[in-house]
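# Observations on the three-dimensional arrangement
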Amino acid sequence: MDRDLRLDFFRGLALFCIFIDHIPGAWLGTFTIQITGLYDAAEVFIFISGYTAGLVYGRILDAEGPLIMTLRTYHRVWQLYVAHVFLFVMFMALVGNMTDAAVNPIYIEEFRATDFLQEPGTAIVMALTLRFQPAFMDILPLYIVLLMMLPLFLIGLRGLKWLVLAGSIALWLAVQVNKGIAIPTYPDAATKWFFNPFAWQLLFLIGAALGYSRVRGAGGWLASRWLFAAAAAIAIGGFLIRINWTLHLFYDPIPSLFAKYFWLSLSKTNMSPFRLVNVLAVVLVVATLVPRQARFLAHRASWPLIVCGRHSLHIFCLGILLSAIGHWIITEFYGGFVLQTMVVVAGIAIMTAVAAFMDWFPGRRSERQRAVAQSSVTGGGA
Amino acid sequence: MRYGFAAGLCARVVAAGLWVLPAVWDAVAAEPASCAMPQDRFDFEPKFPKMLAALDKGEAVTIVVIGGGSTAGRAAGAADRAWPARLASVLAQRFPKARVAVLNKGVARNTARDMVARFETDVLAHKPNLVIWETGIVDAVRGTDLDEFREDLQTGIDQLKAQVPEMMLMDMQFSRRSNLISHFSLYLVLMRGAADVNDVALFPRHEIMRGWSESRIFDFDVKGQDEMRVLAVRLYDCIGKGVADFVTRRDPVGALR
């Protein structure tokens, strides 16, 4: 079965958007995926990762059984964990050398939160147990936890499909009702994981279930014309509301529709129902309108997205580091429009170059090694 | 949601221009350092007609500032150098007949929720004409759950709007490194959203300080105890003046041509 390039393409797009969104203040951040509805690149990334995981590990489950599938999944979890720890060390090196804010008395009352630098031993243990998540280090821990749940879920999907889905929805609903269902973080135990895994599991599991149903040749109901019409209506509605907010930002007298209502009910941490429904509707519309053989996927301009989407774990980690460095460059040199654009273009170029290298390098080895490398590099997505 | 993001876009485009044209940059830097702000940048912020009328009539006016460490102003060394005290002296100069009292209720390390808990005793008990709520830093740095921060802001705004004649918000201080430690910008955007959806004025301190830093009116990276105290004194003076200008904005004569 050849790869579905749409998955790589849109995951690459989400990766570029996450990179840009993580550079606070970069003007291009206004025009990333978030402009298209009440969700952003994180939802797209997690959905596609779930779908790919369902596809890849579902195929392994059917061909080689639950044990092998579980071992393969946990091998992937291990890779993600190592990547997260590596990222954390890089981050500590960056922040440890940039804590002027902590010693300047104008901020000293407020920036004592950098106290964790005083107890590196505890901080490292908290990072290893995923409790300590500095800014932008919160997506990989979420993905690790979600992937750890995957084997159980896939096995459940074989016979107890509706029970598993109902359980997942019930957990998500419980979080909507009681926001105390969360994982506390370090250094302040009163704060919580930025992405609540008990809420985000639903989006990931819906993705995985759809991916697995493709393996089994099920999912014909997705082609229903009524479903498409409903999804299109939701997608258009979300887009119109969101574009109205953007216009309001540019010119204040333009009223922002429903802003007061949505302001309190668009939780990203707990995956608000509006975000969930909107992103699923858009996924359905895009998947219906863009066929697998869509010509633009083969176009040269799509290649950077596809190649980055294909090596998404490495490119994601690289993107986090690049956005931290890019942010540093922009604040250090007071970069405006031009510098911001240059930083973003350079970052995307570096991500593409690294992904291209990863594509090319295994090809230099023997065919058998290549197959092994491919399956471990691209295994479960992320 | 990125309320307030594009609000700064224009400023950033200007900053871009400065970056491209070093000559312009130098010319700006060479000018005498003044922290005065062009008032047209606040065109879309709600004004404070009731308090302004009381000032014009020479009545007693009480302003309560509830906030954190940067309101308490310890960095400047003395309470009369904190920005609320500077605000009081500017208003006293401009409205000599009015009896202006600015009460400083800044407590370091307070979250938005801590402040809301103090509203009853520290704010409402004084029957203020205007309440200035300075908040956000501690929440952004410790990483208060965004939903909780949003709800705390909403609770506080609802309470103040119901019980005092006029109110405004003030966002965080600017620090070049703040975004490395936390999702600082998300909290800034959220405060802009709070002001926006509730139709409450917001004094964009972060954006203003960023502008001062970019145009080299201030150098926030100084080292040494004495230099930093001097910096704090000057900064709070500028903030106090800026807030005085902000709260006394008038509808331009012949507006809405």
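Throughout this document, residue positions are counted from 1 along each chain, in the order its sequence is written. Here the convention is simple: chains get letters from A, ligands get numbers from 1, in the order in which they are written. Predicted model: local features are reported for residues with pLDDT of at least 70 only, side-chain atom pairs are reported and counted for 80 or more only, and whole-chain, interface and lining totals are derived from all residues.

### What about the overall build of chain A?
In DSSP terms, a helix is any run of H or I states spanning at least four residues, a strand is any run of E spanning at least two, and both are numbered starting from the N terminus. When you go through chain A residue by residue, the secondary structure sums to 16 helices and 0 strands. Any residue surrounded by 20 or more other C-beta atoms within 10 Å of its C-beta is treated as buried, while 12 or fewer makes it exposed and the intermediate range makes it partly exposed; C-beta atoms here are placed from the backbone. The burial tally for chain A puts 45% of its 382 residues in the buried class. Counted over contacts in chain A with a minimum sequence separation of 6, partners at least 24 positions apart contribute 76%. Any pair of residues counts as being in contact when their C-beta atoms, constructed from backbone geometry, are within 7 Å of one another.

### Regarding the overall build of chain B
When its secondary structure is counted, chain B shows 12 helices and 5 strands. Put simply, chain B has 257 residues, and 51% of those count as buried. Restricting to contacts in chain B with at least 6 residues of sequence separation, those with at least 24 account for 80%.

### Describing the environment of Arg74 of chain B
Residue and element names in this part refer to chain B. Note on placement: Arg74 falls in the loop between helix H4 (69-72) and helix H5 (83-94). According to the C-beta neighbour criterion, Arg74 is partly exposed, with 17 such atoms within 10 Å. Sequence spacing of Arg74 and His206 is 132 residues, and the spatial spacing of their C-alpha atoms is 19 Å.

### Regarding the sheet that holds strand S2 (residues 99-106) of chain B
Residues and elements named next belong to chain B. Across the sheet, which stays open at both edges, the 5 strands sit in the order S2-S1-S3-S4-S5 with parallel pairing between neighbours. Each having just a single partner strand, S2 and strand S5 (201-203) make up the two edges of the open sheet. Each strand axis lies, on average, 20 degrees off the axis of its neighbour in the sheet, ignoring direction. Note: two strands are recorded as paired if DSSP finds a minimum of 2 bridges between them. For strand S4 (residues 166-170) and S5, the ladder comprises 3 bridges, and the chain directions are parallel. Of the residues in S5, the one forming a bridge with Met168 is Ala201. Every axis corresponds to a line fitted to the C-alpha atoms, with the helix fit spanning only the stretch in contact, and the corresponding angles, defined between N-to-C directions, vary from 0 to 180 degrees.

### Some remarks on helix H12 (residues 273-289) of chain A
Because an α-helix completes one turn every 3.6 residues, residues spaced three or four positions apart along the sequence face the same direction. Residues and elements named next belong to chain A. The end-to-end C-alpha distance of H12, which contains 17 residues, comes to 24 Å, matching closely the 24 Å that a straight helix rising 1.5 Å per residue would cover. Along H12, the residues that are buried comprise Arg275, Leu276, Asn278, Val279, Leu280, Ala281, Val282, Val283 and Leu284. On its buried face, H12 sits against helix H2 (41-64), helix H9 (197-215) and helix H10 (225-250). Helices are assigned an expected span. That span is 1.5 Å times one less than the residue count.

### Examining the domain arrangement of chain A
Residue and element names in this part refer to chain A. Where each domain begins and ends follows an automated or database-derived domain assignment. Considered domain by domain, chain A is made up of domain 1 (1-31 + 293-382) and domain 2 (40-222). Each side of the interface is counted separately: domain 1 has 17 residues, and domain 2 has 24 residues. Secondary-structure elements contributing two or more residues to the side of domain 1 that touches domain 2 are helix H1 (5-21) and helix H14 (312-332). The element best represented in the side of domain 1 that touches domain 2 is H1, accounting for 7 residues.

### Digging into the packing of H1 of chain A against H2 of chain A
All names here are of chain A. Running from N to C, H1 and H2 point in directions that differ by 145 degrees, and their axes come no closer than 9 Å. Read as a crossing pair, H1 and H2 show a hand that is left-handed. Judged by residue contacts, Leu7, Phe10, Arg11, Ala14, Cys17, Ile18 and Asp21 of H1 engage Ala41, Ala42, Val44, Phe45, Ile48, Tyr51 and Thr52 from H2. Residues were grouped as follows: Ala, Val, Leu, Ile, Met, Phe, Trp, Tyr, Cys and Pro as nonpolar; Asp, Glu, Lys and Arg as charged; and all remaining residues, including Gly, as polar. A breakdown of the residues in the contact of H1 with H2 according to their chemical character gives 11 nonpolar, 1 polar and 2 charged. Helix crossings fall into two classes, left-handed where the near helix is turned counterclockwise from the far one by less than a right angle and right-handed where it is turned clockwise.

### Quick look at unusual backbone geometry
Despite not being glycine, Met271 of chain A shows a phi value in the positive range, around 50 degrees. Looking at Met271 of chain A, the number of C-beta atoms within 10 Å reads 26, which means it is buried. Non-glycine residue Asp199 of chain B carries a positive phi angle of around 55 degrees. Checked against the element boundaries, Asp199 of chain B lands in the loop between helix H10 (184-198) and S5.

### Focus: the packing of H1 of chain A against helix H13 (residues 303-310) of chain A
Packed helices, taken two at a time, are described by the angle their axes make and the gap between the axes. Residue and element names in this part refer to chain A. Running from N to C, H1 and H13 point in directions that differ by 90 degrees, and their axes come no closer than 7 Å. Between H1 and H13, the interaxial angle falls into the category roughly perpendicular. Residue-level inspection shows Leu5, Leu7, Asp8, Phe9, Arg11, Gly12, Leu13 and Leu15 of H1 in contact with H13, the latter providing Leu305, Ile306, Cys308, Gly309 and Arg310. Every angle not falling under 35 degrees, over 145, or within 65 to 115 is termed oblique; those three ranges are roughly parallel, roughly antiparallel and roughly perpendicular.

### Some words on the nonpolar core
Residue and element names in this part refer to chain A. Joined through C-beta atoms within 7 Å, a set of buried Ala, Val, Leu, Ile, Met, Phe, Trp, Tyr and Cys residues constitutes a nonpolar core. If you look at the biggest cluster of nonpolar residues, it comprises 100 residues, and the most contacted ones within it are Ala14, Val44, Leu154, Trp200, Leu203 and Ala208. No other element matches the 14 residues that H2 contributes to this core. Residues lining this core come from more than one domain, with at least three contributed by each of domain 1 (1-31 + 293-382) and domain 2 (40-222). Those residues in contact with Leu203, other than ones at most four positions away along the chain, are Glu43, Ile46, Phe47, Gly50, Met271 and Leu276.

### Looking at the environment of Val286 of chain A
Residue and element names in this part refer to chain A. Tracing the backbone through its elements, the reader meets Val286 in helix H12. Under the C-beta neighbour-count criterion, Val286 is labelled partly exposed, with 14 such atoms within 10 Å. Once the C-alpha coordinates of Val286 and Gly50 are considered, the two residues, 236 residues apart in sequence, prove to be 17 Å apart.

### Quick word on the pairing of strand S3 (residues 130-134) of chain B
Residue and element names in this part refer to chain B. In terms of burial, S3 is a largely internal element, 5 of the 5 residues being buried. Both faces of S3 are covered, namely the face carrying Leu130, Ile132 and Glu134 and the face carrying Val131 and Trp133. Both strand S1 (residues 60-67) and S3 contribute to a ladder of 4 bridges, which runs parallel. Bridging from a neighbouring strand, Ile66 pairs with Trp133 of S3. With 5 bridges joining them, S3 and S4 adopt parallel strand pairing. From the neighbouring strand, Glu134 faces S4, where its bridge partner is Met170.

### Quick look at the confidence of the model for chain B
All names here are of chain B. Averaged over chain B, the pLDDT score is 84; the fraction of residues at 70 or greater is 83%. A score between 0 and 100, pLDDT records how confident the predictor is in each residue. Every residue in residues 1-32 is under pLDDT 50, and counting partners more than four places away or in other chains gives 52 contacts. Quick note on the complex model: pTM equals 0.87, ipTM equals 0.84.

### Re the confidence of the model for chain A
With 88% of its residues at a pLDDT of 70 or more, chain A has an overall mean of 87. pLDDT under 50 marks residues 376-382 of chain A. Its contacts with residues more than four places away, or in other chains, come to 24 contacts.

### A few points about the pairing of S1 of chain B
Residues and elements named next belong to chain B. Extensive coverage of S1 is indicated by the burial of 6 of its 8 residues. Taken together, the 8 bridges between S1 and S2 define a ladder with parallel strand orientation. Each residue of the ladder has a partner; that of Ile63, found in S2, is Val102.

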